[in-house]
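# Structural overview for review
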Amino acid sequence: MGRAFAYVILGGGVAAGYAALEFAPRRAGASPGELCIISDEAVAPYERPALSKGYLLPQGAARLPAFHTCAGANDEVLTEQWYKDHGIELVLATRVISADVRRKTLLTDSGETIGYKTLIVATGARASELEEFGVRGSDAANVCYLRSLEDADKMVGVMKPCHGGNAVVIGGGYIGMECAAALVANEIKVTMVFPGKHCMGRLFTPKIAEFYEKYYAAKGVVFVKGTAVKSLEVSDGKVAAAILRDGRRLPADMDPTGTKPYDPRVDCTTHHTQNRDNFATRSQEHARRSRARRHAALPVSPAPNPPLHTGLSLSYHWSCKPLAAETCGRQSLLSASEKSTLLSSAFSTINLRSPLPTSPQVVHGSVHQRKENRT
Ligand SMILES: Cc1cc2nc3c(=O)[nH]c(=O)nc-3n(C[C@H](O)[C@H](O)[C@H](O)COP(=O)(O)OP(=O)(O)OC[C@H]3O[C@@H](n4cnc5c(N)ncnc54)[C@H](O)[C@@H]3O)c2cc1C
C-alpha cells in the first residue's frame, strides 16, 4: 500500500476547501501530515461560482489564485502554499477510481492505493452530457459546458473569435442566465432555448421571471421557450446550427450548455445518490436541521453572487455555503476523537431519517444537485 492518512477528503471542490480550513492546525484540527485532499482537478480547491461570473468577463476577468476557497467567505484564501504551510497533502490531477470502504483504501488512476481512517466524500456533481438527452455533438469544438476551470477556459477561448456572432444557450436556469449575460458582455448575440414556460422555472415565480426576461431582452437576448434542442448541425467539427423539436433552426457560432443538468459524482463510492427534490429549498432545510442535530454534512454552495455582467444580480442559496464542509470537518475530528461513527449525509433524506450507520467511517460532504430539465 502507498501513503496513508488519518483523514482523506475525496474531491477538491468547494466543500473540500471549506473542510480543509476546519482541519487547519490553528483551529485545533488535524496535525500536519494527517490530512490529504485528492482531486482530479489540476489546481487547489477554488470557488466554482466564479466560473460563470468574473471569469467570463472580456476585461478584468477573475483568475486564480484570487478565487481559491475560501475567498467567498472573506476568510483566508487557500492557495497551494497555504496547504503546504498547514501540512495538508494535496494530491491533484489524480482521480480516485474505486474505494474499498472495508479496507479503508482508495485506488487512484495512477495506481496508488491511499489509506485513510476517516474519509470525507466531497465529489460534488458533474455536468450531464448532451448525448444523455439524445443530442449528439458534445465533442464539437464550439460546444461548451461549464463546470470546471477547464470548461471555463474553453468557453473563454471559444468566445474570443465569436465577437458579433451567435450563441445558443441550452437551458434557462441559473448558469444559463449567467452564461447569457457573459456572452452579451462579450458582444455575442444570444438565443436561450428551454422547455419551460419561463426562465429559472424552479426558482422564480412567473412575475419575477418576466422581470428578468424583459431585462435580458432589452440587452438583446432572445428567449425561445416551450421547446428543446433536438439535434445539432455539425460541420467541420463545429456546430453550425441547433435544430429545435418544433423544427426551427437557430444558427450558432457557439453553443454553451451552461444550464445542463448535474449528476452527483459518487461513481467511485458506495453511497446512495438520491436527490431529486428542489436543490435550494432542500439545502436550506438541510442546513437548518443540521445545525440542530450537529451531525450532518451539508451541501455547500459557496459564494454570494457578484452582480451579473448585465448589471442585475441573482441570488440564491449561498447562505448555507460553508456549513456543510465546516460541519463535516468538525464532525470528522469529533468523531475520530470519540472513536464513533460519522454520519454520511448530503441531501439524502434516507440519511437524515435512518439511524447512523455503524461503519464505515465516512462523511459524505458533497453536493447532490438534482437533474434538471430532463425532457
Ligand atoms: C458555473 C457554476 C456557477 C455556480 N454558481 C453558484 C453561485 O453563484 N452560488 C452558489 O451557491 N452555487 C453556485 N454553483 C454551485 C456550486 O459551485 C456547487 O454547489 C459547489 O461547487 C459544490 O461544491 P462541492 O465541493 O460539493 O463539489 P464540486 O465543487 O463539484 O467539487 C467536487 C470535486 O471533486 C472532484 N472529484 C469528483 N470525483 C472525483 C474522483 N473520483 N477523484 C478525484 N476527484 C474527484 C471534482 O473534480 C471536483 O474538484 C455554481 C456551479 C457552477 C458549475
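Cut-offs applied
Residues numbered from 1 in each chain as written. Predicted model: local features only at pLDDT ≥ 70, side-chain atom pairs only at ≥ 80, totals over all residues. Heavy atoms only, no water. Pairing = 2+ DSSP bridges. Helix = DSSP H or I, 4+ residues; strand = E, 2+ residues; numbered from the N terminus. Right-handed = clockwise from strand over helix to strand, strands pointing away. Axes fitted to C-alpha atoms, helices over the stretch in contact; angles between N-to-C directions. pLDDT = per-residue confidence, 0-100. Contact = heavy atoms within 4.5 Å. Phe/Tyr/Trp six-rings, centres within 6.5 Å; stacked < 30°, edge-to-face > 60°. Buried < 20%, exposed > 50% of the residue type's maximum accessible area, 1.4 Å probe, protein only. Lys NZ or Arg CZ within 6 Å of the ring centre and 35° of its normal.

The protein chain goes by Putative monodehydroascorbate reductase, cytoplasmic isoform 2 in an unreviewed UniProt entry, where it is assigned to Aegilops tauschii.

## Topic: the pairing of strand S11 (residues 222–225)
Where a strand is regular, its side chains alternate between the two sheet faces. Where strand S10 (residues 189–194) and S11 come together, 4 bridges link them in parallel fashion. Directly across from phenylalanine 194, in S11, lies its bridge partner lysine 225. Handedness of the β-α-β unit built from S10, helix H5 (residues 206–218) and S11 comes out right-handed.

## Here's the deal with unusual backbone geometry
For residues other than glycine, phi is negative in most cases, and the peptide bonds are mostly trans. For the bond from leucine 64 to proline 65, the omega torsion is 15 degrees, close enough to zero to count as cis. Following threonine 69, the chain continues to cysteine 70 via a peptide bond in cis, the omega torsion being 5 degrees. On the secondary structure map, cysteine 70 appears in the loop between strand S2 (35–38) and helix H2 (80–85). The backbone of lysine 104 sits at a positive phi, close to 60 degrees, despite the residue not being glycine. Summarising the element assignment, lysine 104 is placed in the loop between strand S4 (96–100) and strand S5 (105–108). Phi angles above zero are rare outside glycine, and glutamate 187 is one such case at about 60 degrees. Counting through the fold element by element, glutamate 187 comes out in the loop between helix H4 (174–185) and S10.

## Focus: the sheet that holds strand S12 (residues 229–235)
Taken in spatial order, the 3 strands line up as S12-S13-S14 in an open sheet, and their pairing is antiparallel. Whereas interior strands pair on both sides, the edge strands pair on one side only; in this sheet they are S12 and strand S14 (249–251). On average, adjacent strands in this sheet sit at an angle of 30 degrees to one another, irrespective of strand direction. When S12 meets strand S13 (residues 238–244), the two strands line up antiparallel, connected through 6 bridges. Within S13, the position partnered with serine 231 by the bridge is isoleucine 243.

## Overview of the confidence of the model for the protein chain
Chain-level statistics for the protein chain give a pLDDT mean of 75 and a share of 67% at 70 or above. Confidence drops under a pLDDT of 50 for residues 269–322, and excluding neighbours within four residues, the segment shows 153 contacts in the predicted structure. Counting interchain partners and residues more than four positions distant, the pLDDT-below-50 stretch residues 334–375 has 135 contacts.

## Observations regarding the packing of aromatic side chains
Counted according to the given criterion, the structure contains 8 aromatic pairs. Judged by centre distance (5.9 Å) and plane angle (85 degrees), the ring pair of tyrosine 55 and phenylalanine 67 falls under edge-to-face. Residue tyrosine 55 is found in the loop between S2 and H2, and its partner phenylalanine 67 is found in the loop between S2 and H2; the two are separated by 12 residues along the sequence. Just as tyrosine 55 is buried, phenylalanine 67 falls in that class too. Every member of this aromatic cluster is reached through a ring pair, and the members are Tyr46, Tyr55 and Phe67. Residue placement shows arginine 63 over the ring face of tyrosine 55; its charged tip is 3.8 Å from the ring centre.

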